[in-house]
Amino acid sequence: MERDFSQGSVGKHIVVQAVPLIIAQLIQLLYNIVDRIYIGHLPGEDGMALTGIGLVFPVVALITAFTNLYGSGGAPLCSIARGAGLTERAEKIMGNSAVMLFFTSFVIMGLCYFFKKPILYAFGASDTTWPYADTYLKIYLAGTVFSMMGTGMNGFITSQGFPGTAMYTTVIGAVINLVLDPVFIFGFGMGIQGAAIATVMAQTVSSVWVMRFLTGKKAILRLRKKYFRPDFRLIREITSLGFSGFIMSATNCVSQVACNSMLSLYGGDLYIGIMTILNSVREVICLPVSGVTSGAQPVIGFNYGAREYGRVRQGIKFMTFAGSVYTVTAWLVLVLFPKPFLMLFTGSQEMITEGVKAIHLYFAGFVFMLFQFCGQSTFVALGKAKKAVFFSLFRKVIIVLPLTVLLPHVIRPAVNGVYLAEPVSNVIGGGVCFLTMYVTVYRKLGKTA
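Residues numbered from 1 in each chain as written. Predicted model: local features only at pLDDT ≥ 70, side-chain atom pairs only at ≥ 80, totals over all residues. Heavy atoms only, no water.

### Observations concerning the overall build of the protein chain
Working step 1: The helix and strand inventory of the protein chain stands at 16 helices and zero strands.
Working step 2: Rg of the C-alpha trace for the protein chain: 21 Å, near the compact-globule value of 22 Å for 449 residues, within the 12% margin.
Working step 3: For the protein chain, the spread of C-alpha atoms along the three principal axes comes to 60 × 45 × 35 Å.
Working step 4: In the form shown here, the protein chain has an accessible surface area of approximately 17,900 Å², with 67% of it arising from carbon and sulfur atoms.
Working step 5: When the 35 basic and 18 acidic side-chain charges of the protein chain are each reduced to a single mean position, those positions are 13 Å apart. (Helix = DSSP H or I, 4+ residues; strand = E, 2+ residues; numbered from the N terminus. Rg over C-alpha atoms; globule rule 2.2 N^0.38 Å. Areas by Shrake-Rupley, 256 points an atom, 1.4 Å probe, with all protein chains shown as cover. Lys, Arg positive; Asp, Glu negative; His and termini not counted. Charge placed at Lys NZ, Arg CZ, Asp CG, Glu CD.)

### Observations regarding the packing of helix H2 (residues 48-83) against helix H10 (residues 269-305)
Working step 1: It is at 12 Å that the axes of H2 and H10 come closest, and there the two elements cross at 5°. Considering their axes alone, H2 and H10 lie roughly parallel with respect to each other. (Axes fitted to C-alpha atoms, helices over the stretch in contact; angles between N-to-C directions. Parallel < 35°, antiparallel > 145°, perpendicular 65-115°, else oblique.)

### Re the side chain of asparagine 279
Working step 1: When you line up the elements, asparagine 279 lands in helix H10.
Working step 2: Overall, asparagine 279 belongs to the buried group, its relative accessible area being 6%.
Working step 3: If sequence neighbours within four positions are ignored, asparagine 279 has contacts with Phe57, Gln256 and Tyr362. (Buried < 20%, exposed > 50% of the residue type's maximum accessible area, 1.4 Å probe, protein only. Contact = heavy atoms within 4.5 Å.)

### Quick look at the packing of aromatic side chains
Working step 1: Per the stated rule, a full pass over the model turns up 21 aromatic pairs.
Working step 2: Between the aromatic rings of phenylalanine 184 and phenylalanine 188, the centroid separation amounts to 5.6 Å while the plane-to-plane angle is 40°, which identifies the pairing as tilted.
Working step 3: The exposure class of phenylalanine 184 is buried, given its relative accessible area of 12%.
Working step 4: One residue, arginine 313, lies across the ring of tyrosine 442, its end atom 4.1 Å from the ring centre. (Phe/Tyr/Trp six-rings, centres within 6.5 Å; stacked < 30°, edge-to-face > 60°. Lys NZ or Arg CZ within 6 Å of the ring centre and 35° of its normal.)

### Focus on the pattern of salt bridges
Working step 1: Counted by the stated rule, this structure contains nine salt bridges.
Working step 2: The closest approach of N and O atoms between arginine 224 and glutamate 91, which form a salt bridge, is 2.7 Å. With arginine 224 in the loop between helix H8 (191-214) and helix H9 (232-266) and glutamate 91 in helix H3 (residues 87-114), this residue pair connects regions lying 133 residues apart in the sequence.
Working step 3: Note on glutamate 91: relative accessible area 5%, which makes it buried.
Working step 4: Residues participating in the shared-partner salt-bridge network are Lys116, Asp134 and Lys138. (Salt bridge = Lys/Arg side-chain N within 4 Å of Asp/Glu carboxyl O.)

### Overview of helix H11 (residues 309-336)
Working step 1: With 28 residues, H11 should cover 40 Å at 1.5 Å per step; its first-to-last C-alpha distance of 41 Å lies within 8% of that length.
Working step 2: Along H11, the residues that are buried comprise Tyr309, Arg311, Val312, Gly315, Ile316, Met319, Thr320, Gly323, Thr327, Ala330 and Leu334. (Expected span 1.5 Å × (residues − 1).)

### Examining a nonpolar patch on the surface
Working step 1: There is a patch of nonpolar side chains on the surface, built from Val328, Leu332, Val333, Leu336 and Phe337 and spanning about 450 Å² of accessible area.
Working step 2: As for its placement among the helices and strands, leucine 336 is situated in helix H11.
Working step 3: Leucine 336 sits in the exposed class, given a relative accessible area of 59%. (Patch = residues over 30% accessible without salt bridge, like charges linked within 9 Å, V, L, I, M, F, W, Y side chains within 5 Å.)

### With respect to the packing of H11 against helix H14 (residues 366-381)
Working step 1: Where H11 contacts H14, the two axes come as close as 9 Å, and the packing angle between them is 155°. When the axes of H11 and H14 are compared, the pair comes out roughly antiparallel. Crossing angle aside, the handedness with which H11 passes H14 is right-handed. On H14, the residues touching Ile316, Met319, Thr320, Gly323, Ser324, Thr327, Val328, Ala330 and Trp331 of H11 are Phe366, Val367, Leu370, Cys374, Ser377 and Thr378.
Working step 2: Its residues assigned to classes, the contact of H11 with H14 shows nine nonpolar, six polar and no charged. (Left-handed = near helix turned anticlockwise from the far one by under 90°. Nonpolar A, V, L, I, M, F, W, Y, C, P; charged D, E, K, R; others polar.)

### A short note on the side chain of threonine 67
Working step 1: You can see threonine 67 is positioned in helix H2.
Working step 2: There is a polar contact of 2.8 Å between the side chain of threonine 67 and the backbone oxygen of isoleucine 63.
Working step 3: The residues touching threonine 67, leaving out its near neighbours within four places in the chain, are Ser72, Leu101, Met148, Thr151 and Gly152. (Polar contact = N/O pair within 3.5 Å; in protein donor to acceptor, adjacent residues only side chain to side chain.)

### Describing the nonpolar core
Working step 1: Core analysis: the largest hydrophobic core is formed by 95 residues, its most contacted members being Met153, Leu214, Leu278, Phe363 and Tyr419.
Working step 2: Top contributing element to this core by residue count: H2, with 14 residues.
Working step 3: Excluding residues within four positions of it along the chain, phenylalanine 363 makes contact with Leu278, Val281, Arg282, Ile285, Trp331 and Leu334.
Working step 4: Phe5, Met319, Val380 and Leu382 belong to the second-largest nonpolar core, a separate cluster that totals 32 residues. (Core = buried A, V, L, I, M, F, W, Y, C linked by side-chain atoms within 4.5 Å.)

### A few points about the environment of alanine 125
Working step 1: Residue placement: alanine 125 occurs in the loop between helix H4 (116-122) and helix H5 (130-140).
Working step 2: Separated by 71 residues in sequence, alanine 125 and glycine 54 have C-alpha atoms that sit 9.6 Å apart.
Working step 3: Among residues more than four places away in sequence, those in contact with alanine 125 are Leu55, Leu120 and Trp130.

### A few points about the confidence of the model for the protein chain
Working step 1: Here the protein chain averages 85 in pLDDT, while 96% of its residues score no lower than 70.
Working step 2: Of all secondary-structure elements in the protein chain, the lowest mean pLDDT belongs to helix H1 (residues 10-40), at 76, while H3 reaches the highest, 92. (pLDDT = per-residue confidence, 0-100.)

### Comments concerning the environment of threonine 378
Working step 1: Take threonine 378: it is sitting in helix H14.
Working step 2: Using a relative accessible area of 0% as the deciding quantity, one classes threonine 378 as buried.
Working step 3: C-alpha separation for the pair threonine 378 and valine 312, spaced 66 residues apart in sequence, amounts to 9.2 Å.
Working step 4: Setting aside residues no more than four positions away along its own chain, threonine 378 makes contact with Ile316, Met319, Met437 and Val441.

Right under this line is the structure:
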């Protein structure tokens, strides 16, 4: 079945792509945070088990970074090639991405197993939280190959115009995780160990689903053995474009390490636990924006490949408008009603009290995050790798990291300085990214059309 994004309403195409993605990402979110919800309410742990999971976040971000390097790099290139009618090139891109995801997963798993203790202590672990982090991480790493293959290759299903099928990838994994988590955590009394086992089992089934579809008859583009032989010129193209997604996740890893380290220094385990909740809440409220921008990417990329530049502009406008309406609404809800978000993850009154203050600071610049999403997604969709990479680095490395270290020295209490680094980076980084996209891409497309 042909998915032609060059005909009909651009906004409708984006919505059709985005709605299943938002549903899928909502389920993916449940997939990712259900462990934290259950673990945060373990009786007698006082939030320390949740803090332990928070210490594993940078490792998860690292795995996500390499998944994005090949998955997020290959899928937009695949969309562009399909839009230009280059079927063989599109399948070569998909095959090379799969091979790189597979082999890289084993390298990451081995290195993290070998160095897990020094890594976790460098990430802010204490003697109290180390056992929780170690227990979760050593099981979670066993599912690295399934996590990377399932998530990384799922984008190629979306890029072919099958967002509903891509949604089922996440639905299947999430349902398994949601069902097995309480069984293993509470029913079998396995606690944090049970949460990790349930996650790995869910990732395994999701990965099998993706690979079966991409090798089956329903796919427009299929995984074929003849394209598994590495084409290093093509891999360079994939990694060049995927490097922006890699940098975003890798810098998330680095910034989380910096935040945990500074909070450990100035606040202790309680504040690392609060940061774990803040990261979880951010995932929740960023979900619709991520869905819209992800849904717009294949539509924008296809029309760019088909040289329908006016439709590319329409896609950018629709993505920005829809995202603006949502982010303003979400921010108001969050700052007016922060407690329900916190209570979802913890029953500790101390965490809730301190968490309310942290939410007001941490999400102060949330509206500006939209502009980073829109600018970044446009650059990626059009294959403009260098700009996408630069603005990933600009916000997280050039702005967030120095502020995370410096602000605690000038703001009291010092933990507030750590929280404020995020909104400042959103305002500066998001604004500059979107303005650059508007001047160098949007206006030029108007002259070209």
